[in-house]
Amino acid sequence: MAFLKHVLNKAAWYSAAFAAALTLNFFLPRLLPGNPVDALISSALGRSTSSESKQLLYENYIQEFGLDQGLWQQFLTYVGNVLRGDFGTSFGRYPAEVSSMLAEALPWTILLQLPAILLGWFIGNLIGAIAAYRRGGMDMGVYLPSLFLTAAPYYCLAVLLLYGLAVVLPLFPTGGGWSFGLRPEWSAVFVSDAVSHWFLPFLSLLLVFIGGQAIGMRSMAVYEVDADYVRFAESFNLADRKIVGYIFRNGMLPQVTGLALAIGTLVGGALLTEIVFSYPGIGTLLYTAILDKDYPVIQAVTLLVLIVVLVANFLVDVLYGLIDPRIRAAQKGER
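Every value quoted in this text rests on a predicted model; they were computed, and no experiment measured them. (Residues numbered from 1 in each chain as written. Predicted model: local features only at pLDDT ≥ 70, side-chain atom pairs only at ≥ 80, totals over all residues. Heavy atoms only, no water.)

Participant: Would you explain unusual backbone geometry in this entry?
Facilitator: Where the residue is not glycine, phi is negative for most of them; where a peptide bond is considered, it is trans in most cases. The backbone phi angle of S278 is positive, close to 55 degrees, even though this residue is not glycine. With respect to the secondary-structure elements, S278 resides in the loop between helix 10 (240-277) and helix 11 (282-292). (Helix = DSSP H or I, 4+ residues; strand = E, 2+ residues; numbered from the N terminus.)

Listed below in structure tokens is the structure:
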């Protein structure tokens with residue numbers, strides 16, 4: 001019962017955060033200068049079309065996109081459509097449905113970010129625990145590169161890798177999701193080509209995430225290596241691997257919270273990384289939509305990112321309540 005109360009309390013807070021994000025997600029794109037309908041008409045008809053035809057098409061688009069309604073009526077319509085999973089029609093790629101555009105781009109972003117998050121968290125924390133336990137040269141050898149990686153902006157490291165491993169040493173493609181002349185399909189040729197395009201953006205995200213997690217775990221593990229249980233284990237001549245495992249588990253709790261905070265940063269950094277590599281994911285879709293003033297796509301992408309970050313943080317909070325004995329004790333009124 002105490003744990004259920006903890007979950008419901010967290011769910012209430014995250015629901016309020018979602019409501020606020022949904023409101024901002026609707027109003028902020030409308031602060032952009034310019035009229036997307038004008039740009040849509042210009043690209044569709046050109047300059048030689050008569051003003052009467054343009055006016056007729058303008059009124060048709062305004063009505064179809066619901067822009068003839070008041071702002072608050074548009075907002076209520078938007079909320080109702082979002083709850084039904086309807087994100088409307090794209091301005092820039094009319095008459096493409098925004099949902100289908102998201103369905104095309106989302107798998108590429110998931111394949112890029114999910115392995116980077118999971119591997120980066122595990123490898124970074126393991127390296128940080130080992131460095132703190134071994135100390136000396138091992139510690140400095142891990143600390144300095146990790147400090148550089150965690151301080152480097154995602155796009156800067158992406159540009160460096162792109163220049164070094166795709167331009168100077170042409171080991172990988174310079175961008176895109178697959179080579180020209182191929183089309184997405186489940187074949188050995190396409191999969192191997194897609195992996196070669198995927199590796200550099202994945203590596204740039206992985207390195208930054210490893211650096212951040214290694215710094216965090218090292219800071220926690222430094223206090224653990226002098227703990228009584230470590231001295232006790234060393235007195236029994238236990239293997240270093242076993243002792244590092246104990247340090248890893250005890251230093252893991254704050255790192256779980258750090259994972260929740262890092263997910264939002266990683267998602268934002270991944271969107272910029274996709275733009276650098278012209279990777280066909282959510283980031284590139286958002287960048288193109290901003291250039292085209294494509295309100296429906298901008299709203300859908302930002303809302304999707306917000307939902308992912310909120311859900312990830314909610315799940316981490318729930319998990320933290322399960323694995324941290326202090327929270328369990330507080331829920332039971334023992335402390």
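Participant: Help me understand a nonpolar patch on the surface, please; the structure alone is not making it clear to me.
Facilitator: Taken together, the side chains of Y163, V167, V168, L169 and L171 define a hydrophobic patch exposed on the protein surface, amounting to about 520 Å² of accessible area. Take L171: it is sitting in the loop between helix 7 (154-168) and helix 8 (188-224). (Patch = residues over 30% accessible without salt bridge, like charges linked within 9 Å, V, L, I, M, F, W, Y side chains within 5 Å. Areas by Shrake-Rupley, 256 points an atom, 1.4 Å probe, with all protein chains shown as cover. Salt bridge = Lys/Arg side-chain N within 4 Å of Asp/Glu carboxyl O.)

Participant: In this structure, what is going on with the nonpolar core? I would like to understand it.
Facilitator: What tends to happen in soluble globular proteins is that the nonpolar side chains get buried as a cluster. L112, F202 and L205 are the most contacted members of the largest nonpolar core, which has 23 residues in total. Of all the elements, helix 8 adds the most residues to this core, at 10 residues. Not counting the four nearest positions on each side in its chain, L112 is found in contact with W198, P201, F202, L205, E274 and Y279. Ranked by size, the runner-up nonpolar core spans 20 residues in total, among them Y133, V244, L253 and V256. (Core = buried A, V, L, I, M, F, W, Y, C linked by side-chain atoms within 4.5 Å. Buried < 20%, exposed > 50% of the residue type's maximum accessible area, 1.4 Å probe, protein only. Contact = heavy atoms within 4.5 Å.)

Participant: Would you mind going over the packing of helix 5 (residues 98-134) against helix 6 (residues 136-151) with me for this structure?
Facilitator: Pairs of packed helices are described in terms of their axes, by the angle between the two and the distance that separates them. One can describe the packing of helix 5 onto helix 6 by two numbers: an axis separation of 7 Å at closest approach and a directional angle of 145 degrees. Our pair here, helix 5 against helix 6, has a crossing hand that is left-handed. Mapping the contact onto sequence places I127, I130, A131 and R134 in helix 5 and G136, M138, D139 and V142 in helix 6. Within the contact of helix 5 with helix 6, the residues separate by chemical class into five nonpolar, one polar and two charged. (Axes fitted to C-alpha atoms, helices over the stretch in contact; angles between N-to-C directions. Left-handed = near helix turned anticlockwise from the far one by under 90°. Nonpolar A, V, L, I, M, F, W, Y, C, P; charged D, E, K, R; others polar.)

Such coordinate-based values are descriptive only and should not be taken to indicate function.
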